[in-house]
Amino acid sequence: MAHTKREIERKYDVGADAELPDLTGVAGVADVVHKGVVELDATYWDTPDQRLAASSVTLRHRTGGDDAGWHLKLPVALAQGVRDEIHAPLSDDVPRSLLGLVRSRVREAELVPVVRLLSARELRHLVDAQGALLAEVSIDGVRAERLTGDAATAEWSEVEVELADDGDPALLDKVEKKLKKAGVRRSDAPSKLSRALAETELQQSVPRQLVVRSVKNDKSDKKAGKSEAVAQAVKEAVGDGPGTAGDHVLAYLRAQRDAIVALDPDVRRDLPDSVHQMRVATRRMRSAFRSFRKILDRSVTDPIGDELKWLAGELGVDRDQEVLTERLTSRIAAVPRTLLLGPVRGRLRIWSVARRSGSRRRTVAVLDGKRYLALLESVDALLADPPLRPAASASVTKAFPKAVLKDYARLAARVEHALELPPGGERDVAMHEARKAAKRARYAGEAATPALGKPAKRFAKQMKAVQSVLGDHQDSVVARDALRHLAIQAHMAGETAFTWGLLYGQEEAAGTDRERELPEVWAKASRAKLRASLGG
C-alpha cells in the first residue's frame, strides 16, 4: 500500500573528505546524534527520452536504509526543496499505484531503468532538548552508473538536510547559515538524478513540447494566486521581448497544458482543490481557443475544445458534488439547534458519500482512459506545430484588446437579457449563460495580462466580480434542487422535512439577493471596462 510524506530538503556540494561544522550551535538544536553509515542502492526509472526527469519527477527502486521500496517524488515547490514523496513496497515491477501517478507524463511510453546510484550515507540526527527529531543531515558519497546508451559513471559527495515531519522550515535557514560560514554551498542540482544525468552526459531528449513545468500554487504561499502563477509562466516563456500575439497565446496554452499534466496525479490522490484547479485549466485553454480564434485556426482548435469541454464535464461530476456538499454543510451549521429536526447531518453525510464515491471512481476511470490520453496528445501536437493564422504575427497591443473587448460585448448582451426577464426559471437559465460568458471574459483578461499589464488585470478582476455574483446565484439554484430531493428522501423515510424546507427558503432568498445585486456589480464592471483603455 502506497503512502505519502511531504519532503522538505536542501542539498549542498562538498568535497569527498568534507567535515561538517558543529551544528549544535544552531538555535534550537540541542544535540547531533550520529546514526552510522548505511549503504543505499537506487535504480531510477524513466522513459527513454526522460520525460519524468524533464518534469523534475523521479521514480526509483531503492534498497538499504529504513525506507526500502519504490519512491515517486513529485514537485511541489522546487525552489524551496519541497516535494511529495510517495512510497510503495518493494517489487520487481513498478507498482500500479505509482504508474497511474506518472501516466499524464509518460503516456504510452515504456518505463526503463536509466541510472543506478550507489550511495554511502553517513547519517546524523539534529534533535532538540527533549530528544525530538528536528532534521536529518547526511553526507553522501555517490557513484552514478548510466544504464542506457554508452556506459558512463560519475562520482561526487553531497550533503542533504531534510526537515523532520511537521518541522519548522526556518530551521533549514539556520542550518544553511552555519554551513555557509564553513564554506559549504547550496547545490545547483535539484536532485541526485538530475546531477547523475548531467555528469554522465545523458542528455534529455524529450521534445520541447513535452517538457512540463509545474504552474500549480504552492499552498505555503498564500499571496500568490492561480492567475498570477500562470502569468509568471507566460512571461518566462515569452522572454524579455514584447513577442507577437501568437507567442503570447501559445505560452498561455502551454501553461494550461502544464497545469493539467501536473495536476493529474493530485486528482488521483484526491488532494484538496486539485479537481477544481484541473478543471479551471481545461476551461482556460478552451476559452483561449475561442477568444483568440483569429490567431489560431478553428479547424484545429474546435475539436480539441470539444474534448476539453468533455473533460471539464467529467471532472465537474466530482467537483460540483464537493462544492454542493460544502455549501449545504455550511447552511446546516448556521441553523439553531432548536430548528434542526431529524437526522439532518446524518442524511446529508450519507447522501454526499454515496454520490461522491461514485464520482471519484468515475473521475479516475476518465484519467485512465484512452480518450483522455488522446486529448493530451492532441494538445502536444498543437503546441509542437501550432495552426497560426496571419493575425498571430500582429503585436499583442493590437490583437489582444480586440479579442478581450469582443468577449466583453458578448457578456454585456447576456447580462442585459437576463436583467430584462422576470424572476423564475427562464431568468435562472439566462443568468447561468451570463455566468459562462463572464468566465470567458475574465479568462481573456487574465490571458492578456502578461502582455497588457494593469489594464487587463483590472478588467479581469471586474469580470471575476460579475462571475462571482452569477456563480453564487447558480449555486443557489443547484442547492435548491438538491434540498428538494433530500426533503423527499427524508419524508419517504418517515422523517420530518421541516429543516430541509427551511434551508430551501434560505437558498431561495440567497438567489433573490444575487439577482438584486447584479445590476450594481454590472454597472461597476461597465465603468471599469471604459477606464481600462484596453483599446488604447
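Definitions and cut-offs
Counting restarts for each chain: residues are numbered from 1 in the order of the written sequence. This being a predicted model, a pLDDT of at least 70 is required before a residue's local features are given, and a value of 80 or more before pairs of side-chain atoms are given or counted; all residues contribute to the totals for chains, interfaces and linings. Hydrogen atoms and water are omitted, and side-chain values are computed over all heavy atoms in the structure. Here a strand is any run of E in DSSP of at least two residues, a helix any run of H or I of at least four, and the numbering for each starts at the N terminus. Every residue pair with non-hydrogen atoms within 4.5 Å of one another is taken to be in contact. In this scheme, a residue with accessible area under 20% of its type's maximum is buried, one over 50% is exposed, and one in between is partly exposed, where area comes from a 1.4 Å probe on protein chains only. Residues enter patches when they are more than 30% accessible in relative terms and free of salt bridges; like-charged ones are connected within 9 Å and nonpolar ones (Val, Leu, Ile, Met, Phe, Trp, Tyr) within 5 Å. Surface exposure here means Shrake-Rupley accessible area, sampled with a 1.4 Å probe, where a residue is shielded only by the protein chains that are shown. Every case where a carboxyl oxygen of Asp or Glu lies within 4 Å of a side-chain nitrogen of Lys or Arg is listed as a salt bridge. Definition used in this section: a nonpolar core is a set of buried Ala, Val, Leu, Ile, Met, Phe, Trp, Tyr and Cys residues joined via side-chain atoms within 4.5 Å. Pairing between strands requires that DSSP locate at least two bridges from one strand to the other. Note on ring pairs: Phe, Tyr and Trp rings are taken, using the six-membered ring of Trp, and paired if centres are within 6.5 Å. Classes follow the plane angle, with under 30 degrees stacked, over 60 edge-to-face and the rest tilted. Comment: the charge-over-ring label is applied if NZ (Lys) or CZ (Arg) is within 6 Å of the ring centre and within 35 degrees of the ring normal. We count Lys and Arg on the positive side and Asp and Glu on the negative side, and we leave His and both chain ends out. Positions of charges follow a simple convention, taking NZ of Lys, CZ of Arg, CG of Asp or CD of Glu.

**Q** How should the overall build of the protein be read in this particular structure?
**A** Scanning the protein from terminus to terminus reveals 14 helices and 9 strands. For the protein, contacts bridging at least 24 residues in sequence account for 74% of all contacts bridging at least 6.

**Q** Explanation requested: the side chain of S287 in the structure shown.
**A** Inspection of the secondary structure puts S287 in helix α7 (residues 274–291). The class for S287 is buried, based on a relative accessible area of 7%. Setting aside residues up to four positions removed in sequence, S287 forms contacts with R440 and Y443.

**Q** Looking at this structure, I do not really get a nonpolar patch on the surface. What am I missing?
**A** A cluster of nonpolar side chains, L339, L341 and F498, forms an exposed patch at the surface whose accessible area comes to about 230 Å². Secondary-structure assignment places F498 in helix α14 (residues 498–532).

**Q** I'm lost on the pattern of salt bridges in this one. Help?
**A** A side chain with one charge may pair with a side chain of the opposite charge, provided their charged atoms come close. Applying the stated rule across the entire model yields 53 salt bridges. Linking D165 and K5 is a salt bridge whose minimum nitrogen-to-oxygen distance equals 3.9 Å. Of this pair, D165 sits in the loop between β8 (153–163) and α3 (170–181) while K5 is found in strand β1 (residues 3–14), placing the two residues 160 residues apart along the sequence. A relative accessible area of 54% means that D165 is categorised as exposed.

**Q** Which parts of the structure should I look at to understand the nonpolar core?
**A** One broad rule of soluble globular proteins: the nonpolar side chains tend to lie buried together. Ranked by internal contacts, the top residues of the largest apolar core, which has 67 residues, are L253, I295 and F400. For this core, the element with the most residues is helix α12 (residues 425–452), which contributes 11 residues. Sequence-distant contacts of L253, defined by excluding residues within four places in its chain, comprise M285, A288, F289, L296, L382 and L383. Core analysis: the next-biggest nonpolar cluster, separate from the first, contains 24 residues, Y12, V29, V82 and V184 among them.

**Q** Help me out: how do you make sense of the side chain of T282 in this one?
**A** Relative to the helices and strands, T282 is located in helix α7. Judged by its relative accessible area of 1%, T282 falls in the buried class. Apart from the residues lying within four places of it in its own chain, the contact partners of T282 are I260, L308, L311, A312 and L315.

**Q** What should I look at first to understand the environment of V102 in this one?
**A** Mapped onto the elements, V102 comes out in helix α2 (residues 96–106). The buried category is assigned to V102, whose relative accessible area is 2%. Between the C-alpha atoms of V102 and V261, which are 159 residues apart in sequence, the distance is 9.2 Å.

**Q** I would appreciate a short explanation of the environment of G313 in the present structure.
**A** Position of G313 among the secondary structure elements: in helix α8 (residues 298–333). Residue G313 is classed as partly exposed on the basis of its relative accessible area, which comes to 40%.

**Q** Whenever I open this one, helix α4 (residues 192–199) confuses me. Can you help?
**A** Burial in α4 covers these residues: K192, L193, R195, A196 and L197. Directly beyond the C-terminal end of α4, a positive phi value near 55° is found at E201.

**Q** Hey, could you run me through the pairing of strand β6 (residues 112–127) in this one?
**A** One face of the sheet, then the other: side chains in a regular strand alternate in exactly this way. Note: strand β2 (residues 31–46) against β6, 14 bridges, orientation antiparallel. Residue V37 lies in a different strand from β6, and its bridge partner there is E122. Note that β6 and strand β7 (residues 133–146) share 13 bridges and pair antiparallel. Bridge pairing links L118 to R143 in β7. In this structure, the hairpin formed by β6 and β7 is closed by a connection of 5 residues, where G131 is found at a positive phi of approximately 85°.

**Q** Explanation requested: the packing of aromatic side chains in the structure shown.
**A** The geometry of an aromatic ring pair is captured by two quantities: the separation of the ring centres and the angle between the planes. Enumeration over the complete set of coordinates arrives at 4 aromatic pairs. Put simply, the rings of Y408, F459 and W522 pair up and form one aromatic cluster. The ring of W310 has R371 sitting right over it, with the charged end atom 4.2 Å from the ring centre.

**Q** What is the right way to read the pairing of β7 from this model?
**A** Across the 14 residues that make up β7, a large majority, 10, are buried. Here 11 bridges tie β7 to β8, and the two strands are oriented antiparallel to one another. Looking at β8, one finds that R143 is bridged to E155. In this antiparallel pair of consecutive strands, β7 and β8, the connection spans 6 residues, and G149 shows a positive phi of 75°.

**Q** Looking at this structure, how should I read unusual backbone geometry?
**A** It is generally the case that most residues other than glycine have a negative phi and that most peptide bonds are trans. Positioned with a positive phi, S56 is a non-glycine residue whose angle comes to about 60°. Looking at the secondary structure, you find S56 in the loop between α1 (51–54) and β3 (58–63). A relative accessible area of 27% places S56 in the partly exposed class. Of note in this structure, D270 is not a glycine but carries a positive phi near 60°.

**Q** It is not clear to me how a positive patch on the surface should be interpreted in this structure. Could you clarify?
**A** A cluster of like positive charges, contributed by K294, R389, K398, K402 and K406, occupies part of the molecular surface. By the secondary structure assignment, R389 is in the loop between α10 (370–384) and α11 (396–420). Classification of R389 by relative accessible area gives partly exposed; the value is 40%.

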